[in-house]
Amino acid sequence: MDWRKEYGSKLMSPFEAAEKIKSNSKIVIGHAIGEPKRVIESMVENKGKYSSIEIIHMIGMGEGAYVRDEMVDHFKHNSLFVGSATRKAVEEGRADFTPCFFSEIPRLFKEEYIKVDVAIIQVTPPDNHGYCSFGVSNDYTKPAAHCANLVIAEVNPNMPRTLGDSFIHVDEIDCMVEVDYKVDELPQGEIGEVERAIGENCSTLIEDGSTLQLGIGSIPDAVLLSLKNKKDLGIHSEMISDGIVDLVNLGVINGKKKTLHKDKIIATFLMGTKKLYDFANNNPMVEMYPVDYVNDPCIISKNEKMVSINSCLQMDLMGQVASESIGLKQFSGAGGQVDFIRGANMSKRGKSVIAIPSTASGGKISRIVPFLDNGATVTTSRNDIHYVVTEYGVAELKGKTLKERARALINLAHPKFRGELIEEWEKRFRTKFDYFIYYKIHK
């Protein structure tokens, strides 16, 4: 059948598509900016038709109406990375959380650790050959569509058409739902003095010709702002945001020295504003791949001089990193942090960086602490940590003893918290020998 006829035969309203979903189904929803809105709204409006539906996704940019109190008999959310819309539901037990690395989510689907009955995705209109692009969200969304028994696609003309391994043919989709709404935008965060200082400190670790992975938020944006005098940078990152565009236009990011996907920007999802989406649209420089490729540490390590820059909520004096929970409260997830830290550490002349403000809660709490909060999850082990950066400087922990790394981290803490950290250091590490050496030096 000609794909145009097939497309027409599959066209239906959001309500009609939602009616194809049966109770007890496991539904994977497109990730982040790629979240399909209208079919989800139809499901919620007609909740009485469903029971025991499991909704699976990472970050959701919508309201998360399916986790409201009145939805508990109809929908249960299984979060792979807790976001603001679903955090309270997870905390209160109306939703659940599955720990996982971002790179391994497609395997969870393919090997049916998590069975995918339905995939609800958002794509571009088909091209002349009947292929729709996954646009801003390839990641686990494309693998989920290939694993699902029922694929429902919202077809949005506002979705940027991204290239790479980013396509699905009309014949692989069961329900086509034409929509026309703006792709969600995520403006850049405010960059203050602390973030600027962290950005400048990170820039000292980035050599010309490096390939970068950056997350989202004011610190990654500040890092990008500090790189205008660098040369021949490349990007291999799970996500990219607006700051990339300016550096491409300046010629700083060109990928000329990349040892994998030379001249290309490689990502698995996009999060930014229309500026970014317009840049990525039909741009041969930008290639999108599923997350089990982009975030595979072995693939990442093929980029020489790979530099990963990530953040965390808390770090203890041994270098253990808590990035996803505050005590027992699940705040986010592991995401791709460990994927890229390990990939960068395996890279020839690679560097992994944890970049954090020294304090949280308006300066009331130190992020560098003697002990992680009770129940906090260790996202990245002390054995994996290479560099740590705050507004007070840079510390290299690789190859350092516990005593040495604790000293180095204390120097990165805010001065008002260093006294209590020093007290803890002395309790743990001060020996008679240390006192003898101190007495000899200062006699």
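Residues numbered from 1 in each chain as written. Predicted model: local features only at pLDDT ≥ 70, side-chain atom pairs only at ≥ 80, totals over all residues. Heavy atoms only, no water.

### Some remarks on the overall build of the protein chain
Stage number 1. When you go through the protein chain residue by residue, the secondary structure sums to 16 helices and 27 strands.
Stage number 2. Whereas a compact globule of 443 residues would reach a radius of gyration of roughly 22 Å, the protein chain reaches 23 Å, a difference of no more than 12%.
Stage number 3. Expressed as a percentage of the 443 residues in the protein chain, the buried residues total 59%.
Stage number 4. By sequence separation, contacts in the protein chain at least 24 residues apart represent 71% of the contacts at least 6 residues apart.
Stage number 5. Accessible surface for the protein chain amounts to roughly 18,800 Å². Of this, 49% is attributable to carbon and sulfur atoms.
Stage number 6. With 55 positive and 60 negative side-chain charges, the protein chain shows a spacing of 7 Å between the two charge centroids. (Helix = DSSP H or I, 4+ residues; strand = E, 2+ residues; numbered from the N terminus. Rg over C-alpha atoms; globule rule 2.2 N^0.38 Å. Buried < 20%, exposed > 50% of the residue type's maximum accessible area, 1.4 Å probe, protein only. Contact = heavy atoms within 4.5 Å. Areas by Shrake-Rupley, 256 points an atom, 1.4 Å probe, with all protein chains shown as cover. Lys, Arg positive; Asp, Glu negative; His and termini not counted. Charge placed at Lys NZ, Arg CZ, Asp CG, Glu CD.)

### Concerning the nonpolar core
Stage number 1. Judged by nonpolar contacts, the single largest core of 75 residues is most densely connected at Phe-109, Ile-121, Ile-265, Ile-309 and Val-353.
Stage number 2. Excluding its chain neighbours within four sequence positions, the residues that come into contact with Ile-121 are Pro-36, Phe-134, Thr-141, Ala-145, Val-151, Ile-152, Ala-153, Glu-154 and Ile-168.
Stage number 3. Of all hydrophobic cores here, the second largest spans 31 residues; its members include Ala-17, Val-90, Val-118 and Ile-120. (Core = buried A, V, L, I, M, F, W, Y, C linked by side-chain atoms within 4.5 Å.)

### Some thoughts on the packing of aromatic side chains
Stage number 1. Evaluation of the coordinates by the stated rule reveals 5 aromatic pairs.
Stage number 2. The interplanar angle of 80° and the centroid separation of 6.3 Å between the aromatic rings of Phe-109 and Tyr-140 together place this pair among those described as edge-to-face. One end of the pair, Phe-109, is in helix α5 (residues 105-110); the other, Tyr-140, is in the loop between β6 (131-133) and α6 (141-147), and 31 residues separate them in sequence. Tyr-140 matches Phe-109 in its accessibility class, with the two residues each being buried.
Stage number 3. Aromatic pair Trp-425 and Phe-429: ring centres 5.8 Å apart, planes at 50°, arrangement tilted. One end of the pair, Trp-425, and the other, Phe-429, are both in helix α15 (residues 415-429), 4 residues apart, so they sit about a helical turn from each other. Considered together, Trp-425 and Phe-429 belong to a single accessibility category, that of buried residues.
Stage number 4. Above the plane of the ring of Phe-331 lies Arg-87, whose end atom (NZ or CZ) is 3.9 Å from the centre.
Stage number 5. Of note, Arg-418 hangs over the ring of Tyr-392, and the distance from its end group to the ring centre comes to 5.3 Å. (Phe/Tyr/Trp six-rings, centres within 6.5 Å; stacked < 30°, edge-to-face > 60°. Lys NZ or Arg CZ within 6 Å of the ring centre and 35° of its normal.)

### A short note on the pairing of strand β7 (residues 150-155)
Stage number 1. Taking burial as the measure, the 6 residues of β7 include 6 buried ones, the bulk of the element.
Stage number 2. Direction of pairing for strand β5 (residues 118-123) relative to β7: parallel, over a ladder of 6 bridges. Residue Val-118 lies in a different strand from β7, and its bridge partner there is Leu-150. (Pairing = 2+ DSSP bridges.)

### Some thoughts on the packing of helix α7 (residues 193-203) against helix α8 (residues 218-225)
Stage number 1. Between α7 and α8, whose axes approach to 8 Å, the crossing angle comes to 55°. With respect to their mutual orientation, α7 and α8 come out oblique. Like other packed secondary-structure pairs, α7 and α8 cross with a definite hand, here right-handed. Of α8, the residues touching α7 (which contributes Glu-195, Arg-196, Ile-198, Gly-199 and Cys-202) are Ser-218, Ile-219, Ala-222, Val-223 and Leu-225.
Stage number 2. Along the lines of polarity and charge, the residues of the contact of α7 with α8 split into 6 nonpolar, 2 polar and 2 charged. (Axes fitted to C-alpha atoms, helices over the stretch in contact; angles between N-to-C directions. Parallel < 35°, antiparallel > 145°, perpendicular 65-115°, else oblique. Left-handed = near helix turned anticlockwise from the far one by under 90°. Nonpolar A, V, L, I, M, F, W, Y, C, P; charged D, E, K, R; others polar.)

### Description of helix α14 (residues 402-412)
Stage number 1. Among the residues making up α14, those that are buried are Arg-405, Ala-406, Leu-409, Ile-410 and Leu-412. Looking down the long axis of α14, one finds its buried residues gathered within 155° of arc, a one-sided arrangement.
Stage number 2. Taken together, the buried residues of α14 touch β18 (314-316), β25 (368-369), β26 (387-390), β27 (393-396) and α15. (Arc of directions from axis to C-beta.)

### Describing the sheet that holds β25
Paired through backbone hydrogen bonds, the strands of a sheet run either parallel or antiparallel to each other.
Stage number 1. Judged by pairing direction, the sheet is mixed, and its 3 strands sit side by side in the order β19-β18-β25 without closing on themselves. Two strands lie at the open edges of the sheet, namely β19 (321-322) and β25, each paired on one side alone.

### Focus: the confidence of the model for the protein chain
Stage number 1. With 97% of its residues at a pLDDT of 70 or more, the protein chain has an overall mean of 95.
Stage number 2. Low pLDDT, under 50, characterises residues 436-443; the stretch is placed with 0 contacts to residues that sit more than four places away or in other chains. (pLDDT = per-residue confidence, 0-100.)

### Quick word on the packing of α14 against α15
Stage number 1. Where α14 contacts α15, the axes come no closer than 10 Å and their chain directions differ by 170°. Relative to α15, the element α14 lies roughly antiparallel. Residue-level inspection shows Leu-402, Lys-403, Ala-406, Arg-407, Ile-410 and Asn-411 of α14 in contact with α15, the latter providing Arg-418, Leu-421, Ile-422, Trp-425 and Phe-429.
Stage number 2. Partitioning the contact of α14 with α15 into residue classes produces 7 nonpolar, 1 polar and 3 charged.

### Structural notes on the pattern of salt bridges
Stage number 1. Here the structure, examined in full by the defined rule, presents 26 salt bridges.
Stage number 2. Across the salt bridge formed by Lys-351 and Glu-207, the nearest N and O atoms sit 3.5 Å from each other. With Lys-351 in strand β22 (residues 351-355) and Glu-207 in the loop between α7 and β11 (211-214), this pair connects stretches of sequence that are 144 residues apart.
Stage number 3. Salt bridges sharing common partners tie together Asp-69, Lys-88, Glu-92 and Arg-94. (Salt bridge = Lys/Arg side-chain N within 4 Å of Asp/Glu carboxyl O.)

### Observations concerning the environment of Gly-130
Stage number 1. With respect to the helices, strands and loops of the structure, Gly-130 is situated in the loop between β5 and β6.
Stage number 2. Separated by 213 residues in sequence, Gly-130 and Gly-343 place their C-alpha atoms 36 Å apart.
Stage number 3. Not counting residues within four places of it along the chain, the set of residues in contact with Gly-130 comprises Trp-3, Ile-168, His-169 and Val-170.

### Structural notes on the environment of Pro-357
Stage number 1. With respect to the element layout, Pro-357 can be found in the loop between β22 and β23 (359-360).
Stage number 2. Take Pro-357: its relative accessible area is 14%, and that puts it in the buried class.
Stage number 3. Along the primary structure Pro-357 and Glu-391 are separated by 34 residues, whereas in three dimensions their C-alpha atoms are 6.3 Å apart.
Stage number 4. In this view, Pro-357 contacts Val-194, Ile-198, Ile-219, Arg-367 and Glu-391; residues no more than four positions away in its chain are not counted.

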